[in-house]
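Close look at the chain arrangement
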Amino acid sequence: MKVTYQWNQNETIELLKEIVEIPSPSGYTMDVIAKIRTLFEQWHVEYKTTHKGAVIATIQGENNQQHRLLTAHVDTLGAMVKEIKPSGRLKLSLVGGFKFNAIEGENCLIHKADGSTVSGTILLHQTTVHVYKDAGSAERNADNMEVRLDEKAFSPEQVRNLGIEVGDFVSFQPRFEATASGYIKSRHLDDKASTALLLQLVKHFSETQEKLPYTTHFYISNNEEIGYGGNSSIPEETQEYIAVDMGAIGDGQESDEYTVSICAKDSSGPYHYGLTRHLISLAKEQSIDYKVDIYPYYGSDASAAISAGHDVKHALFGPGIEASHSYERTHTDSLKAAAALLHAYVLSPLVS
């Protein structure tokens, strides 16, 4: 029985908002992983949790000897408390590859050991222009940036009395907004936009009679932003490994916010030629708007898996994300195109 994949835009956006608003900097992903496990249980999908805390759902296909795997990651950029300053403000150590200027003025949460949080704002120490001559020119770095807590705590002792210690995680307010014109603005669309698309695809196959040609694993990883999210626990039957991750937009790039971006090469080197051409052919056959691109300062869970020695064909595609690792934006056109290519791919034959 042929089933047409109906991409539910409103449901996808609602799910994306929900998971975006669950704090999950790399190293502190327990809550969002718990949410994903709950969804798999609701959909009666078989899954396992790895020792590193990732989740791998499996849907059996007509061919159970040859497998394929798709992955997206739920860990995000964040920070940790590096030092409690004499003033009671916090010095940060960044988690993930971004710059301090990308979080200047952002509201944040400090996650204490007891599970509660304290709110604050990330600011340049010399922010007040009426006092500091170098407010505009001072370098945004670990020494000059600090967290101003929303508590009356003006010394290390008072801060520790709040339950804050060195090593506590700090998450950034996502500021999720879906506009009437179809844009979605938020932190952490990298890679929760792709995660929402994968989850919706899993739900589709759990609720319909549509059969997958090959047993397919959906790997929700939790350490990608620090380089090793999906490079282990890959079933040995896996022949094709797809990272579903953002397309990077900027000068010299083909990717945009309205198409699915297929990556031919990133900083790790070229992706598998045959599998990449297969994705391009599927996009053409299905009239899916796409762009092919090279990302110069980028690595994925697929490239991490290759570096770890896994014998798989690897490829990468996903929605185009503007202003990556800052206050990001995409459009529902891009999400829809990525969803269509995902569905077309999992029903397609393996690349020989």
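In case you missed it, the structure is sitting above this.
Quantities reported herein were computed from a predicted structural model and do not represent experimental measurements.

**Comments concerning the nonpolar core**
Ranked by size, the top nonpolar core spans 74 residues in total, and within it Phe-40, Leu-70 and Ile-242 carry the most contacts. When residues of this core are assigned to their parent elements, the largest contribution, nine residues, is made by helix α4 (residues 189-207). Dropping the residues within four chain positions of it, Phe-40 is found in contact with Val-45, Tyr-47, Val-55, Ala-57, Leu-199, Val-202 and Ile-220. The next biggest cluster of nonpolar side chains, apart from the first, holds 23 residues, and it includes Phe-98, Ile-110, Leu-124 and Val-170.

**Structural notes on the pairing of strand β5 (residues 90-95)**
The pairing of strand β4 (residues 78-84) with β5 spans six bridges and is antiparallel. Its bridge partner being in β5, Val-81 is matched across the sheet by Leu-92. What sits between β4 and β5 in their antiparallel hairpin is a turn of five residues, with Gly-88 showing a positive phi close to 95°.

**Description of the pattern of salt bridges**
Inspection of the entire model under this criterion finds 14 salt bridges. Taking the shortest distance from any N to any O, the salt bridge between Arg-89 and Glu-146 comes out at 3.1 Å. Taken together, the residues span a long stretch of sequence, with Arg-89 in the loop between β4 and β5 and Glu-146 in strand β8 (residues 145-149) at a distance of 57 residues. Given the relative accessible area of 2%, Glu-146 is considered buried. The structure contains a network of salt bridges with shared partners spanning Lys-85, Arg-89 and Glu-146.

**Points about α4**
Between its first and last C-alpha atoms α4 spans 26 Å; for 19 residues at 1.5 Å apiece the expected length is 27 Å, and the two agree. The buried fraction of α4 amounts to 17 of the 19 residues, a majority that puts the element mostly inside the structure.

**Some thoughts on the packing of aromatic side chains**
Tallied over the entire structure, the rule returns six aromatic pairs. Measuring from ring centre to ring centre gives 5.4 Å for Tyr-28 and Phe-169, while their planes differ by 35°; the resulting arrangement is tilted. Highlighted residues: Tyr-28 in the loop between α1 (9-20) and α2 (30-42) and Phe-169 in strand β9 (residues 169-172), separated in sequence by 141 residues. Summarising the burial analysis for this pair, Tyr-28 and Phe-169 share the class buried. Each ring, one from Tyr-183 and one from Tyr-258, has its centre 6.2 Å from the other, and the planes form 75°; the classification is edge-to-face. Of this pair, Tyr-183 sits in strand β11 (residues 183-186) while Tyr-258 sits in the loop between β14 (247-248) and β15 (260-266), and the two are 75 residues apart along the sequence. The ring of Tyr-183 carries Arg-329 above its face, with NZ or CZ at 4.0 Å from the centroid.

**Some words on the sheet that holds strand β10 (residues 177-178)**
In spatial order, the strands read β10-β11-β19; together these three strands make up an open sheet with antiparallel pairing. In the strand order of this sheet, the two ends are held by β10 and β19 (328-331), each with one partner. Against the sheet, helix α7 (residues 332-346) contacts β11 and β19, and its axis sits at roughly 65° relative to β19.

**Considerations on the packing of α4 against α7**
Between α4 and α7, the shortest axis-to-axis distance is 10 Å and the interhelical angle comes to 45°. When the axes of α4 and α7 are compared, the pair comes out oblique. Relative to α7, the crossing made by α4 is right-handed. On α7, the residues touching Ala-193, Leu-197, Leu-198, Leu-201, His-204 and Phe-205 of α4 are Leu-335, Ala-338, Ala-339, Leu-342, His-343 and Val-346.

Definitions and cut-offs
- Counting of residues starts from 1 at the beginning of each chain's written sequence and follows it residue by residue.
- Restriction of local features to residues with pLDDT of at least 70 applies here, the model being predicted, together with a cutoff of 80 or more for giving and counting side-chain atom pairs; totals for whole chains, interfaces and linings are based on all residues.
- Hydrogens are left out, water is left out, and the side-chain values use all remaining heavy atoms of the structure.
- The nonpolar core is taken to be a set of buried Ala, Val, Leu, Ile, Met, Phe, Trp, Tyr and Cys residues, with the residues joined through side-chain atoms within 4.5 Å.
- Burial classification: accessible surface area is computed with a 1.4 Å probe over protein chains only, and a residue below 20% of its type maximum counts as buried, one above 50% as exposed, and the rest as partly exposed.
- Here a helix means four or more residues in a row that DSSP labels H or I, a strand means two or more in a row labelled E, and each is numbered from the N terminus.
- Residue contacts follow a heavy-atom distance rule, with two residues in contact if any of their heavy atoms lie within 4.5 Å.
- At least two DSSP bridges between two strands are needed for those strands to be called paired.
- When a carboxyl oxygen of Asp or Glu lies within 4 Å of a side-chain nitrogen of Lys or Arg, that pair is called a salt bridge.
- Multiplying 1.5 Å by the helix residue count minus one yields the expected span of that helix.
- Paired rings are identified among Phe, Tyr and Trp, the last through its six-membered ring, by centres lying within 6.5 Å, and are further divided according to the angle between planes into stacked (under 30 degrees), edge-to-face (over 60) and tilted (the rest).
- By definition here, charges over rings are those cases where NZ of Lys or CZ of Arg is within 6 Å of the ring centre and within 35 degrees of the ring normal.
- Interaxial angle, 0 to 180 degrees, is taken between N-to-C directions of lines fitted to C-alpha atoms, where a helix line uses only the stretch in contact.
- Between 65 and 115 degrees an angle is taken as roughly perpendicular, under 35 as roughly parallel, over 145 as roughly antiparallel, and anywhere else as oblique.
- Rotating anticlockwise by less than a right angle from the far helix to the near helix defines a left-handed crossing, while the corresponding clockwise rotation defines a right-handed one.

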